[in-house]
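Below, each chain spelled out in residue letters.
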Amino acid sequence: MQELGSSGSAARAKAIYDYGHTAIFACTADPRFHMLLYVPPAAAEGRKVDLLVAVHGTGRTSAIEFRDGFAEFGLYNDCAILCPIFPMNARGDGARSGYKYILEGDIRYDEILISMVDEMAGKYDQNWSKFAMFGFSGGGHFTHRFTLLHPQKLWAASIGAPGSVTLLDTERNWWVGVKDIKEQFGISLDIPALQKVAVQMVVGSADLENWEIMHAPGSKYYMDGANDAGNSRPERLKSLAKSFENAGVTVSLTEIPGVSHDRMKVLDTVKAFLTRTLKEIRQK
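These numbers come from a predicted model, not from an experiment.

Calculation notes
- Position labels on residues start from 1 in each chain and follow its written sequence.
- Local features in a predicted model are, by the rule used here, given only for residues with pLDDT of at least 70; side-chain atom pairs are given and counted only at 80 or more, and totals for whole chains, interfaces and linings are based on all residues.
- Here the side-chain values reflect all heavy atoms present in the structure, with hydrogen atoms and water set aside.
- Any Lys or Arg side-chain nitrogen found within 4 Å of a carboxyl oxygen on Asp or Glu counts as a salt bridge.
- The numbering of helices and of strands both runs from the N terminus, where a helix is a DSSP run of H or I of at least 4 residues and a strand a run of E of at least 2.
- Burial classes follow relative accessibility: with a 1.4 Å probe on protein chains only, a residue under 20% of its type's maximum area counts as buried, one over 50% as exposed, and anything between as partly exposed.
- Whether two residues are in contact is decided by their heavy atoms: any pair within 4.5 Å suffices.
- Whether a set of points on the 1 Å grid over the protein atoms alone is a cavity depends on a 1.4 Å probe fitting there but being unable to get out, while an open set qualifies as a pocket with protein on both sides within 12 Å along at least five of seven lines; lining residues are those with an atom within 4 Å of a point.
- Grid points are joined across faces, edges and corners, and a volume is the space filled by probe spheres set on the points.
- Put simply, Ala, Val, Leu, Ile, Met, Phe, Trp, Tyr, Cys and Pro go in the nonpolar bin, Asp, Glu, Lys and Arg in the charged bin, and everything else, Gly too, in the polar bin.
- Each helix should span, by expectation, one fewer than its residue count multiplied by 1.5 Å.
- Axis definition: a line fitted to C-alpha atoms, limited for helices to the stretch in contact. Angles are taken between N-to-C directions and run from 0 to 180 degrees.
- Throughout, the term roughly parallel applies to angles under 35 degrees, roughly antiparallel to angles over 145, roughly perpendicular to angles from 65 to 115, and oblique to all others.
- Two strands make a pair as long as DSSP finds a minimum of two bridges between them.

Notes on the pattern of salt bridges
So, step 1. Under the counting rule described, the total for this entry stands at 18 salt bridges.
So, step 2. The partner of Asp18 in a salt bridge is Lys123, with the nearest N and O atoms 3.2 Å apart. With Asp18 in the loop between helix 1 (7–17) and strand 1 (20–26) and Lys123 in helix 5 (residues 109–123), the pair connects residues that are 105 residues apart, well separated along the chain.
So, step 3. A relative accessible area of 14% places Asp18 in the buried class.
So, step 4. Between Arg108 and Glu111 there is a salt bridge, with the nearest N and O atoms lying 3.5 Å from each other.
So, step 5. Judged by relative accessible area, Arg108 falls into the buried class, the value being 14%.
So, step 6. Its relative accessible area of 42% is what places Glu111 among the partly exposed residues.
So, step 7. Residues joined in a network through salt bridges with shared partners are Glu45, Arg47 and Asp78.

Written out as structure tokens, the structure reads:
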């Protein structure tokens, strides 16, 4: 399509591609990575809105499902939805899971995400210095680790069914624990900031298949303690919740009866949590 010249055509293109269910944008800081958004009418009218970042799982296609699945929530709660896309093979080596552990070679996925948020905040004239984050499966990996690294950036974190968890264990190195977090990321663990984040953890009671989550000796992410948090996603999420609670963090842990590893069946529970949390924040 040719670039539109007239102001009327340009305005129409902006309405189609930049607002509502947006086009897919490359991240200016690193164009290997992309994002798509839902931007509610309030933002188009020049009003301030909040932000939810929703992070895909291993297949990446849930980025579109989450954008569309949270759009109604965003419409009625004046909240934009930003869904990053961290593609497989970002370093040309076929790897699929690097983003889950935040650090992959020279790529810092937490910094890429923050760059995306900052770029879109500028584009839409918003203050998104703090935002909410939701992720399921691989996105649950990313979300809880981002929360450990950057709690001061978040007003809420909803952690859905991660396959492996990083506990607040100062005796074990990343990714099983946080002993060397300063050496790995140049970031010190900020427990007081973490205690201020509204945290939800959600998983289906029937999410019991573990073929994808058990780390075998010699595999890429295997290290001592890799499987100690439990043999299933519910067990591992309970271990994560206990770890957070032992650090003084209030956790809303929900195990949805009869649900397996189905990302779309947890969204209503997540939306209820986010709606309640937004209401409490806005009343302060």
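Details of the environment of Ile114
So, step 1. Mapping Ile114 onto the fold places it in helix 5.
So, step 2. For Ile114, the residues in contact, after removing those within four places along its chain, are Phe146, His150 and Lys153.

Digging into the layout of surface pockets
So, step 1. Within this model, the largest pocket holds a volume of roughly 440 Å³.
So, step 2. In terms of lining residues, the largest pocket is bounded by 21 residues, among which Arg96, Ser97, Lys100, Glu212 and Tyr221 are the most central.
So, step 3. Looking at the lining of the largest pocket, its residues break down into seven nonpolar, nine polar and five charged.
So, step 4. Of the volumes computed, that of the second largest pocket is approximately 370 Å³.
So, step 5. Along the wall of the second largest pocket there are 20 residues; nearest its centre are Trp155, Lys196, Thr277, Ile281 and Lys284.
So, step 6. A total of five residues in the lining of the second largest pocket trace back to one element, the largest contributor, which is helix 10 (residues 267–283).
So, step 7. Split into classes, the residues belonging to the lining of the second largest pocket amount to nine nonpolar, six polar and five charged.

Considerations on helix 6 (residues 138–149)
So, step 1. Relative to the 16 Å expected for 12 residues at 1.5 Å per residue, helix 6 spans 17 Å between its end C-alpha atoms, a close match to the ideal helical length.
So, step 2. The buried count for helix 6 comes to 12 of 12 residues, which makes it a mostly enclosed element.
So, step 3. Of the residues making up helix 6, those classed as buried are Gly138, Gly139, Gly140, His141, Phe142, Thr143, His144, Arg145, Phe146, Thr147, Leu148 and Leu149.

Notes on the packing of helix 5 against helix 6
So, step 1. For the pair helix 5 and helix 6, the least separation of the axes is 11 Å and the interaxial angle reads 85°. When the axes of helix 5 and helix 6 are compared, the pair comes out roughly perpendicular. Counting all contacts with helix 5, which are made through Tyr109, Asp110, Leu113 and Ile114, the residues of helix 6 involved are Phe142, Phe146 and Leu149.
So, step 2. Per-class residue counts for the contact of helix 5 with helix 6 are six nonpolar, no polar and one charged.

A few points about the environment of Ile16
So, step 1. Assignment of secondary structure puts Ile16 in helix 1.
So, step 2. Separated by 214 residues in the primary sequence, Ile16 and Gly230 place their C-alpha atoms 46 Å from one another.

Quick look at the sheet that holds strand 7 (residues 131–136)
So, step 1. Ordered by their spatial adjacency, eight strands build an open sheet running 1-2-4-3-7-8-9-10, and the pairing between neighbours is mixed. Two strands in the sheet have a free side with no partner beyond their single neighbour: strand 1 and strand 10 (251–256). Across the sheet, the mean angle from the axis of one strand to that of its neighbour is 15°, orientation sign disregarded.
So, step 2. Across five bridges, the pairing between strand 8 (residues 154–160) and strand 9 (residues 198–204) is parallel. By the bridge assignment, Ala157 is partnered in strand 9 with Val199.
So, step 3. Set on the sheet, helix 3 (residues 62–69) makes contact with strand 1, strand 2 (34–39), strand 3 (50–55), strand 4 (79–85) and strand 7; between it and strand 4 the angle comes to about 175°.

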